[in-house]
Amino acid sequence: MPLPPLVDVGPELTPEEVRRTSRQWMLSELGEAGQRRLAAARVLVIGAGGIGSPVLLYLTAAGVGTIGIIDDDRVETSNLQRQVIHAMTDVGSLKVDSAASTLAGLHPGISVQTHPVRFDSDNGKGIAAGYDLVIDGSDNFDTRYAADDVCAALGIPLIWGAVLRFDAQLSVFWAHPPVGVGVRLRDLFPVPPAPGEVPSCSEAGVLGALCGQAGAIMAAEAVKLITGVGESLLGRVLVIDALSARAREVAITASPAGATRARAGEPASASAHIDADALAARLAARDRGEDSFLLLDVREPSEHAERAIPGSVLHPLGEVLRDPSTIDIALPVIVHCLVEARAERAAAVLSAAGADVTVLRGGITAWGERS
């Protein structure tokens, strides 16, 4: 559904800005008015890392007038594989300072505001209140949910993205859009996963070029919202699989209970649970030929190699989400991960495909603690 422009038309462009952005505002959908809206816009970017780097570069190049950068981290050598806004000479510097320096060289006419702190529920509202929209390129769940809560409270849109290994997910959240029904991150994922449940990039790895792809799409979403052109990702999650060079969409809508209702037909959770002791009994029965089922591990290969339940079959969550048909659902499936969050997501997709799915309560953590 088309949305009205987020930002009013700003002052006349300078001759230098006209020359700089001419290839963009000659697009009939944008025009001079759209470029003036961009020049008047104020965008806050959370994180100057893998996603934040391309977002910041493309927003600056597009002529967004005021860009805020919030990040409390410093540049490390291991960042440079994907965080392309920084250079070797920036190692050890605050990321906000390194990023601001790069943006000043790209477009000295814009205003860059740095916030060398971690965005959270305490400081977030005061910082975000000075911006028209927020782009979340953070890498932790506390920040993501704080950004969702803050933007909902302020009534401003949130452009969200997450990248891990070869997979990316992107969307636009807006609790109270001027047109249509709002949707939030908490409608897609009602509660954050338990600590350690989902591996980080440092644990599972990430393809640097995919960060660039995701960030460029998020920057384009910001341009569209600011100028009112095209159709945003509001109410849709774009899922990118870099390995197969394929993308698909999952449509979402808000639930009164704060839970997801996926219009693609995915149920919110698995239909049943099993505890660790009961699973041990069923595994023993399977060994005796008295039971038959697939024990599915949806963690990452490195996690499975470190510790696994005997007889389990590894299919990382990303593979299940990309193509659930790769899982043999002729037999009942018992799915597990570290705790439960990833297993619940896999179970939802497999259940929608017709599988008889059960989730191991407490995951492999509970398995290791059983008596």
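For clarity, every value in this text was computed on a predicted model and none was experimentally measured.

Novice: Outline the packing of helix 1 (residues 15-25) against helix 2 (residues 31-40), supporting the account with residue identities and numerical values.
Specialist: When two helices pack together, you describe them by how their axes are tilted relative to each other and by the distance separating the axes. In contact at an axis separation of 10 Å, helix 1 and helix 2 are set at 120° when each is read in the N-to-C sense. By the criterion of interaxial angle, the relationship of helix 1 to helix 2 is oblique. Crossing hand, helix 1 versus helix 2: right-handed. Of the residues in helix 2, those in contact with Glu17, Thr21, Gln24 and Trp25 of helix 1 are Gly31, Glu32, Gln35 and Leu38. When grouped by side-chain class, the residues that make up the contact of helix 1 with helix 2 number 2 nonpolar, 4 polar and 2 charged.

Novice: Talk me through the environment of Gly10; I want residue IDs and the actual numbers.
Specialist: With respect to the secondary-structure elements, Gly10 resides in the segment before helix 1. What makes Gly10 buried here is its relative accessible area of 8%. Separated by 47 residues in the primary sequence, Gly10 and Leu57 place their C-alpha atoms 22 Å from one another. When residues no more than four places from it in sequence are discounted, the contact partners of Gly10 are Arg36, Arg37 and Ala40.

Novice: Would you mind going over the nonpolar core in detail, with residue names and values included?
Specialist: Leu56, Leu59, Phe119 and Ile135 are the most contacted members of the largest nonpolar core, which has 68 residues in total. Those residues in contact with Ile135 that sit more than four places away from it in its chain are Val43, Leu44, Val45, Ile46, Val55, Leu59, Ile159, Met218 and Ala222. By size, the runner-up hydrophobic cluster in this structure holds 18 residues, among which are Leu317, Val333, Ala346 and Ala347.

Basis of the calculations
- Residues numbered from 1 in each chain as written.
- Predicted model: local features only at pLDDT ≥ 70, side-chain atom pairs only at ≥ 80, totals over all residues.
- Heavy atoms only, no water.
- Axes fitted to C-alpha atoms, helices over the stretch in contact; angles between N-to-C directions.
- Helix = DSSP H or I, 4+ residues; strand = E, 2+ residues; numbered from the N terminus.
- Parallel < 35°, antiparallel > 145°, perpendicular 65-115°, else oblique.
- Left-handed = near helix turned anticlockwise from the far one by under 90°.
- Contact = heavy atoms within 4.5 Å.
- Nonpolar A, V, L, I, M, F, W, Y, C, P; charged D, E, K, R; others polar.
- Buried < 20%, exposed > 50% of the residue type's maximum accessible area, 1.4 Å probe, protein only.
- Core = buried A, V, L, I, M, F, W, Y, C linked by side-chain atoms within 4.5 Å.

Function-wise, these values are silent; they only describe arrangement.
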